[in-house]
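Chains, contacts and geometry: an overview
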Amino acid sequence: MVNKITVVGAGNVGATTAQRLAEKELARTVVMVDVADGIPQGKGLDQWESAPIEGFDSRIVGTNGYEETAGSDIVVITAGIARKPGMSRDDLLNTNAGIVKQVSEQIKKTSPNAILIIVSNPLDVMSYVAKEVTGFPRERVLGMAGVLDTARYRSFLAEALDVSVRDIQAMVLGGHGDTMVPLISYTTVSGIPVTQLIDKAKLDAIVDRTRNGGAEIVKFLKTGSAYYAPSSAAVQMCEAIVLDQKRILPCAAWLEGEYGMKDLFLGVPCKLGRNGLEQILEVTLTDAETAELAKSAEAVREPMRAVKL
Ligand SMILES: NC(=O)c1ccc[n+]([C@@H]2O[C@H](COP(=O)([O-])OP(=O)(O)OC[C@H]3O[C@@H](n4cnc5c(N)ncnc54)[C@H](O)[C@@H]3O)[C@@H](O)[C@H]2O)c1
């Protein structure tokens, strides 16, 4: 385990993330910070009181300030407002940019060596805000989206094929929005190309459902957005870093020429280890996938130009 992981935002995603981090004992101390008076303290204490039953030794601490977060190894940023029905992720742009900016300024001062995992939406732009404000190198600023989008894609495929979710290998790249790019050419079931096992119409429907996976949950919940699978995804990224697993996961990373693009965050295959982003893997894409990735990048650049830092 590492010494300290901070989760900023003690709402649905943040609190669930803190609980999962502690249950997996990924840090000696998990600190939860939120502007809401009493919420992080109350949730943190409640979670910690589950430790004797669940059997974990991580301590969870809730606070409204940044003193307790000092020297964090990893900071997961979930602060912001979530989507309401009919709202796009980009509607959240300037409200959440202001929040992520303020949080990043604090983290830069108190945890200058931390690895940041951004969750707040619109994801790719908020990752850019955090990188710009902290000035941290790209190895230490990652966005969580691809792991979640891929988990949704794998779940839907496993259901359609009636096989274990564990046996679906897949990757969803691109921006975290309707333009995300599930890589069909790299989707396999224990190594068998998925196209041998499912017809095109069914696969297209699954890709479409994946692209709208977030909205599907928002429609059910009405007052908030998904948080169980999103928190699992953020924790998987933390785990890969803490345990130096060198896992290859789709994450939003700052591109410096990879895939022929630069100066934006986009979902690409990343190797995660103790140093954060250790490598971006450039895989061969079909012409259609290359075109879709370029379109997705444009959908990220547009709000990037509009955001006020
Ligand atoms: N990247 C993804 O795949 C993904 C998935 C799910 C949710 N999200 C995003 O994560 C964010 C959080 O979602 P949620 O469901 O937990 O929302 P939520 O409303 O339950 O929680 C957000 C929390 O942030 C807090 N907050 C607001 N301003 C803050 C500040 N300046 N400092 C600290 N805390 C502050 C709020 O008080 C609230 O408790 C949203 O932007 C949502 O869109 C992203």
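Our structure is the block above this text.
What counts and how
Counting starts from 1 at the beginning of each chain's written sequence and moves along it residue by residue. Given that the model is predicted, a residue must reach a pLDDT of at least 70 before its local features are reported, and side-chain atom pairs must reach 80 or more before they are shown or counted; all residues, however, enter totals for whole chains, interfaces and linings. With hydrogens and water set aside, each side-chain value is computed from the structure's full complement of heavy atoms. Nearness here has a simple test: a residue counts as near a molecule or strand if at least one of its heavy atoms is within 4 Å of that partner. Two N or O atoms count as a polar contact when they lie within 3.5 Å, although within protein this holds only if one can serve as hydrogen donor and the other as acceptor, and sequence-adjacent residues are included solely when both atoms are side-chain atoms. Throughout, the Shrake-Rupley method with a 1.4 Å probe supplies accessible areas, and for residues the shown protein chains are the sole cover considered. Secondary structure is summarised from DSSP: a helix means a run of H or I of at least four residues, a strand means a run of E of at least two, and numbering begins at the N terminus for each. Partly exposed residues are those whose accessible area sits between 20% and 50% of the maximum for their type, while under 20% is buried and over 50% is exposed, using a 1.4 Å probe and protein chains only. The patch calculation keeps residues exceeding 30% relative accessible area without a salt bridge and links them within 9 Å when they carry like charges or within 5 Å when they are nonpolar (Val, Leu, Ile, Met, Phe, Trp, Tyr). A side-chain nitrogen of Lys or Arg and a carboxyl oxygen of Asp or Glu constitute a salt bridge if their distance falls within 4 Å. For Phe, Tyr and Trp, where Trp contributes only its six-membered ring, two rings pair if their centres lie within 6.5 Å, and the inter-plane angle classes them as stacked under 30 degrees, edge-to-face over 60, or tilted in between. Two limits define a charge over a ring: the Lys NZ or Arg CZ must be within 6 Å of the ring centre, and within 35 degrees of the ring normal.

Observations regarding the site of the ligand
Around the ligand, the surrounding shell holds 25 residues, and the nearest of these are Val13, Asp34, Gln102, Val119 and Met144. Note that a nitrogen atom of the ligand is positioned 3.0 Å from one of the backbone N or O atoms of valine 119. Here an oxygen atom of the ligand sits 3.0 Å away from a polar atom, N or O, in the side chain of asparagine 121. For the ligand, the accessible surface in isolation is 860 Å², of which the surrounding protein chains cover 86%. It is helix 4 (residues 93-110) that contributes the most residues to the shell around the ligand, 4 residues altogether.

Some thoughts on unusual backbone geometry
In the segment running from asparagine 121 into proline 122, the intervening peptide bond is cis, with an omega of -5 degrees. For proline 122, the location among the structural elements is in the loop between strand 5 (115-118) and helix 5 (123-134). With phi around 45 degrees, serine 190 is a residue other than glycine that occupies positive phi space. Structurally, serine 190 can be placed in the loop between strand 10 (188-189) and strand 11 (192-193). Despite not being glycine, tyrosine 259 shows a phi value in the positive range, around 55 degrees. One can find tyrosine 259 in the loop between strand 12 (247-256) and strand 13 (262-273). Its relative accessible area of 15% is what places tyrosine 259 among the buried residues.

Describing a nonpolar patch on the surface
Together, Ile217, Phe220 and Leu221 make up an exposed nonpolar region whose accessible area comes to about 290 Å². As for its placement among the helices and strands, isoleucine 217 is situated in helix 8 (residues 213-221). The class of isoleucine 217 is partly exposed, set by a relative accessible area of 31%.

Some points on the packing of aromatic side chains
With the rule as written, the count across this model stands at 3 aromatic pairs. Above the plane of the ring of tryptophan 48 lies arginine 59, whose end atom (NZ or CZ) is 3.6 Å from the centre. The ring centre of phenylalanine 136 lies 4.4 Å from the NZ or CZ of arginine 140, which sits over that ring.

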